[in-house]
Amino acid sequence: MAIPSQTIEQIAAANDIVEVIGSYFPLKRAGANFKALCPFHQEKTPSFTVSPQRQTFHCFGCGVGGSVFRFVMDYEHVDFPSAVRKLAARVGITLIEERGPSGAEDRQHEARRTLLQLQGEAAAWFHENLIRKEFAEPARKYLKERGITAEIAKRWRLGYAPDEWDAFGSWARARGYDQQTLIASGLVKTKEDADGVPGQRSYDRFRGRIMFPICNDVGEVIAFSGRLLKDENGAAKYLNSPETPLFRKGNVLFGLDKTKRALIEANCAIVCEGQLDLISLFEAGITNVVAPQGTAFTESQARVLKRFADEVVLCFDADTAGQKAAERSLDALLANGLIVRVSEMPTGEDPDSLVRREGKEAFESRVAGARDFFDYWIEHAAAGVDLTSLGAKMRLARSLAETVSRVHDPLMRGEVVSKVSARLGVPAQDFQALLPKQARSSALRADEFHNGGTAPAPR
Ligand SMILES: [Zn+2]
């Protein structure tokens, strides 16, 4: 499904590059051109130039440059078609994408478009409920108690799904969505798994829940996470949309569409568990945040994150469950070469409660003081182990070696080996002998490198 070149020219013509870039950050006039500090590299004097005549941008410092599409691609980290769509939407041009050779691909694309439209309209409907409807009063109260104002609710398009079996379904059918689309969207379930609700052909998946729209990285709603308003026995506190053609749970990071610029600028991602944690931090002015949707980081989420930052700070509860959650994320993060630090929240607190109680600066200094994961983890693992007992020490060393072997970056691994062996009081060579073979040889090379020894022989 290509976009006709004629349409692309039309979109370019309608999007003045000075206006587009100026909507991201302020530009200063300098003669015939406009200037700003370059968003793509660190600098003190502006070398980022925008030419209204040529409709191009160029940075004399780092060499980036190109058309308005190039700018959106680089700034938003999106591909060309997404940049085109975004700029088309900005000026109200309807994109008619050329039909591909296969009719099947075409129908698939059409179905996707309908699903996207449904998710967007559903978000608007849930939001409307939350803001205006009387039945949403308890939801408004709940959010207000957590510092979520109407303005914040609007910015994040928070909503409320009424506690009824078919409120959403009948609304959506009245808008012309067919049953097949509703079920494909994950917003409606069929009767088969309805546990025998009498007289219903299908029913709403989300009932009596505060709705958090989950967006793709250009900000389109692709799924929802619903938080139960009244705690009920047996009902999950958080419920996510199922996997759909739009939503692959393991690929999406909540909030990324709003936070990616801040991630790039800080080169660091603060990771919190819940959507409300993320929203509270963001609204308090701590904007380099992501949430992996209440589950541990997957391989592909970590890969996505690595595009924006080199370091993550995990914020989690001091309790065992929090530690377990952090440890489950570890493999994916380390395998993607991310530096992992840990900020333990005081017992009974989460990032949401903490930032509201302590404020932005105090939370930031917690993050700044977050310890390297391995320091934290060696201490926890060694706590209560009698290091004077050889057997206990060996058992601990083996379990630590297992985790160290997950670090893919050889330099980082060498560093960790030194730390662990020093803490255990065993020679680094002996500890390395416990690592699986492949990890061992590269840790050794890294160690030589660290000690200024001979460089590894070229292979
Ligand atoms: Zn630059």
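Our subject is the structure listed above.
Residues numbered from 1 in each chain as written. Predicted model: local features only at pLDDT ≥ 70, side-chain atom pairs only at ≥ 80, totals over all residues. Heavy atoms only, no water.

Colleague: How should I be thinking about the overall build of the chain in this particular structure?
Modeller: Tallying secondary structure elements over the chain gives 20 helices and 16 strands in all. Considering the chain as a whole, with its 459 residues, one finds that 45% of them fall into the buried category. Taking all contacts inside the chain whose residues are at least 6 apart in sequence as the whole, residues at least 24 apart take part in 61%. Per element, the accessible surface of the chain, about 22800 Å² overall, is 51% carbon and sulfur. (Helix = DSSP H or I, 4+ residues; strand = E, 2+ residues; numbered from the N terminus. Buried < 20%, exposed > 50% of the residue type's maximum accessible area, 1.4 Å probe, protein only. Contact = heavy atoms within 4.5 Å. Areas by Shrake-Rupley, 256 points an atom, 1.4 Å probe, with all protein chains shown as cover.)

Colleague: Looking at this structure, how should I read unusual backbone geometry?
Modeller: Glycine aside, residues mostly have negative phi angles, and peptide bonds mostly take the trans form. One non-glycine residue, Gln55, lies in positive phi territory at about 55°. A positive phi angle, near 55°, is found at His77, a position not held by glycine. Tracing the chain through its elements places His77 in the loop between α3 (68-76) and α4 (80-90).

Colleague: Please clarify how the coordination of the zinc ion should be interpreted in this entry.
Modeller: Taken together, the protein donors to the zinc ion comprise Cys38 (SG), His41 (ND1), Cys59 (SG) and Cys62 (SG), at separations of 2.1 to 2.3 Å. Classification of the site at the zinc ion rests on its four donor atoms, whose angles at the metal span 103 to 119°, yielding the label tetrahedral. Considered as a linear motif, the donors of the zinc ion on their single chain read C-x2-H-x17-C-x2-C. Note that Cys38 is positioned in the loop between β2 (33-36) and β3 (48-51) and Cys59 in strand β4 (residues 56-59), a separation of 21 residues in sequence. Since its relative accessible area comes to 7%, Cys38 is described here as buried. What makes Cys59 buried here is its relative accessible area of 0%. (Donors = N, O, S within 2.8 Å, 3.2 Å for Na, K, Ca; no water. Tetrahedral: all angles 85-135°; square planar, octahedral: opposite > 155°, others 65-115°.)

Colleague: Would you explain empty space enclosed by the protein in this entry?
Modeller: Here the idea is plain: a probe the size of a water molecule rolls over the atoms and shows the empty space left. One pass over the full model with this rule turns up one cavity of 30 Å³ or more. In this structure, the largest cavity encloses a volume near 80 Å³. As for the largest cavity, its lining consists of Arg155, Trp156, Arg157, Pro213, Ile214, Cys215, Phe254, Gly255, Asp257 and Lys258. Counting residues per element, the ones that place at least two in the lining of the largest cavity are β9 (209-215) and α10 (256-266). A total of three residues in the lining of the largest cavity trace back to one element, the largest contributor, which is β9. Looking at the lining of the largest cavity, its residues break down into five nonpolar, one polar and four charged. (1 Å grid on protein atoms, 1.4 Å probe; cavity = no way out; pocket = protein on both sides within 12 Å on 5 of 7 lines; lining within 4 Å. Points joined across faces, edges and corners; volume = space filled by probe spheres on them. Nonpolar A, V, L, I, M, F, W, Y, C, P; charged D, E, K, R; others polar.)

Colleague: Quick question: what am I supposed to make of the sheet that holds strand β5 (residues 65-66) here?
Modeller: Consider a sheet: its strands pair through backbone hydrogen bonds, and that pairing is either parallel or antiparallel. Read from one edge to the other, the open sheet built from five strands follows the order β1-β2-β3-β4-β5, with strand pairing classed as antiparallel. The sheet terminates laterally at β1 (28-30) and β5, the two strands that pair on one side only. When β4 meets β5, the two strands line up antiparallel, connected through two bridges. Along β5, the bridge assignment pairs Phe57 with Gly66. (Pairing = 2+ DSSP bridges.)

Colleague: Explain α3 to me, please; I cannot follow it from the model alone.
Modeller: Counting along an α-helix, one turn takes 3.6 residues, and residues three or four places apart therefore face a common direction. The buried fraction of α3 is high, at seven of nine residues. Burial in α3 covers these residues: Val68, Phe69, Phe71, Val72, Met73, Tyr75 and Glu76. Structurally, the start of α3 carries an N-cap: the backbone nitrogen of Phe69 is 3.2 Å from a side-chain oxygen of Ser67. (Polar contact = N/O pair within 3.5 Å; in protein donor to acceptor, adjacent residues only side chain to side chain.)

Colleague: What am I meant to see in the side chain of Asp352 here?
Modeller: Topologically, Asp352 is positioned in helix α14 (residues 351-358). We classify Asp352 as buried; its relative accessible area is 6%. There is a polar contact of 3.0 Å between the side chain of Asp352 and the side chain of Arg356. Setting aside its immediate chain neighbours within four residues, Asp352 contacts Arg146, Leu276, Asp277 and Ser280.

Colleague: Is there a simple way to think about the packing of aromatic side chains in this case?
Modeller: Centre-to-centre distance and the angle between the planes together describe a pair of aromatic rings. Taken as a whole and assessed by the stated rule, the structure comprises 27 aromatic pairs. Arranged with centres 5.6 Å apart and planes meeting at 35°, the rings of Phe48 and Phe57 form a pair that is tilted. Of the two residues, Phe48 and Phe57, neither departs from the other in class, the shared state being buried. When the ring of Phe168 is compared with that of Trp171, the centres are 5.8 Å apart and the planes differ by 40°; the resulting orientation is tilted. (Phe/Tyr/Trp six-rings, centres within 6.5 Å; stacked < 30°, edge-to-face > 60°.)

Colleague: Explain the side chain of Arg209 here, please?
Modeller: Inspection of the secondary structure assignment puts Arg209 in strand β9. Arg209 sits in the buried class, given a relative accessible area of 5%. At 2.8 Å, the side chain of Arg209 forms a polar contact with the backbone oxygen of Ala236. Engagement of the side chain of Arg209 in a polar contact is seen with the backbone oxygen of Lys237, the distance being 3.2 Å. Not counting chain neighbours up to four residues away, the residues in contact with Arg209 comprise Gly159, Tyr160, Ala161, Gly226, Arg227, Leu228, Leu229, Ala235, Ala236, Lys237, Tyr238 and Leu239.

Colleague: Looking at this structure, I do not really get the packing of helix α16 (residues 373-382) against helix α17 (residues 390-404). What am I missing?
Modeller: Pairs of packed helices are described in terms of their axes, by the angle between the two and the distance that separates them. Their axes nearest at 11 Å, the elements α16 and α17 cross at an angle of 155°. As the angle between them shows, α16 and α17 are arranged roughly antiparallel. When the axes of α16 and α17 are compared, the crossing they make is right-handed. The residues of α17 that touch α16, namely those facing Phe374, Trp377, Ala381 and Ala382, are Leu396, Leu400, Thr403 and Val404. Classifying every residue of the contact of α16 with α17 by side-chain character gives seven nonpolar, one polar and no charged. (Axes fitted to C-alpha atoms, helices over the stretch in contact; angles between N-to-C directions. Parallel < 35°, antiparallel > 145°, perpendicular 65-115°, else oblique. Left-handed = near helix turned anticlockwise from the far one by under 90°.)

Colleague: Just to check I follow, could you spell out the sheet that holds strand β11 (residues 238-240) for this structure?
Modeller: Overall, antiparallel pairing links the four strands, which are arranged β6-β9-β10-β11 in an open sheet. Since the sheet does not close on itself, it has two edges, and those belong to β6 (159-161) and β11, each with one partner. Across this sheet, the average inter-strand angle for adjacent strands is 35°, counted without regard to direction. Where β6 lies against β9, three bridges are found, and the strand directions are antiparallel. Among the inter-strand pairings, Tyr160 is bridged to a residue of β9, identified as Ile210.

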